[in-house]
Amino acid sequence: MTASIHAPSIHAAPILAARGVELRYEGAALPTLAHFDLEMKSGEIVAVLGPSGVGKSTLLRVLGGLHAPSGGEVLMEGERLRDVHPRVAVAFQDPCLLPWLTLEANVAFGLDFKRQPPLSRPDREARVRAAIREVGLEHARRLYPSSLSGGMAQRTALARCLARNPRVLLLDEPFGALDEVTRAEMQDLLLKVVADFHTATLLVTHDIDEALLLADRVLLLGGAPARLIGQWQVDLPRPRRDDVAELGRLRVDILQTLRQAVRRH
């Protein structure tokens, strides 16, 4: 029986949790991030907003096991996260594709690393095929990165994440460099992926509208040190692009909270 990407069952318990997370750089008078708590469940999208430099990307790296917190802890399925976890996939604004590898090989890259569960060659190939199919790039699997559009490159990066059968997706402004039409297409694709595979997904973005269109919850970071200064539950059915009045009200509320925080500091 060959391996494939499959949707894990939805659990009520948090998949990823942060408890009192703090990050302090050596020699710094104040921590960069303080007293941060979070619980994410299967199939949930959480968007993180905040001004530039507040620590959104730093938080994502801590949650992904790429940077150890100075205090508190991050839990993955109830176990303390001490390093990169094979079921946590991270994607950045730069798709980070290797130019000498085809799209298919880029999606497969890293599946045989020692931190990944061992897979036979047929299982690995099945995972890669399923991931490429999910993002709609079967026709381009033999192409090299130089032949891909920006949207295709981001789809490839997302497929590389999916090939790991992740329980958690951590996305650091993955659509920030795309044009408006391509960005909307990628937003729709992300919603499809989460619906299909029930990943717990954290999206770092500077775009309030994007956060409100995609997320079940919106978190706002602010202050120095950075901490959670606001949280909004977005209980609107998808697609949401026509819910102009309610999205506008939430947008104004988020902006007012951010401006108040800036004035205090």
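Now for a quick tour of the structure.

Cut-offs used in this document
- Residues numbered from 1 in each chain as written.
- Predicted model: local features only at pLDDT ≥ 70, side-chain atom pairs only at ≥ 80, totals over all residues.
- Heavy atoms only, no water.
- Helix = DSSP H or I, 4+ residues; strand = E, 2+ residues; numbered from the N terminus.
- Expected span 1.5 Å × (residues − 1).
- Buried < 20%, exposed > 50% of the residue type's maximum accessible area, 1.4 Å probe, protein only.
- Contact = heavy atoms within 4.5 Å.
- Polar contact = N/O pair within 3.5 Å; in protein donor to acceptor, adjacent residues only side chain to side chain.

## Remarks on helix H5 (residues 180-197)
For H5, which comprises 18 residues, the first-to-last C-alpha distance of 26 Å matches the rise-based estimate of 26 Å (1.5 Å per residue) to within 8%. Within H5, the full set of buried residues consists of Thr182, Arg183, Met186, Gln187, Leu189, Leu190, Leu191, Val193, Val194 and Phe197. Elements that come into contact with the buried residues of H5 comprise strand E3 (45-49), helix H3 (121-134), helix H4 (150-162), strand E7 (168-172), strand E8 (200-204) and helix H6 (208-214). Here H5 starts with a cap whose side-chain oxygen sits 3.1 Å from the backbone nitrogen of Val181, and that cap is Asp179. One or two residues past the end of H5 sits His198, with phi positive at roughly 55 degrees.

## Overview of unusual backbone geometry
Where the residue is not glycine, phi is negative for most of them; where a peptide bond is considered, it is trans in most cases. For the bond running from Ala224 to Pro225, omega is 0 degrees, close enough to zero to count as cis. By the element assignment, Pro225 lies in the loop between strand E9 (217-222) and strand E10 (227-233). For the bond running from Arg238 to Pro239, omega is 0 degrees, close enough to zero to count as cis. Among the secondary structure elements, Pro239 is positioned in the loop between E10 and helix H7 (244-264). Residue Cys96 is not a glycine yet carries a positive backbone phi of 55 degrees. Relative to the assigned elements, Cys96 resides in the loop between strand E6 (88-92) and helix H2 (103-108). Phi angles above zero are rare outside glycine, and His198 is one such case at about 55 degrees. By the secondary structure assignment, His198 is in the loop between H5 and E8.

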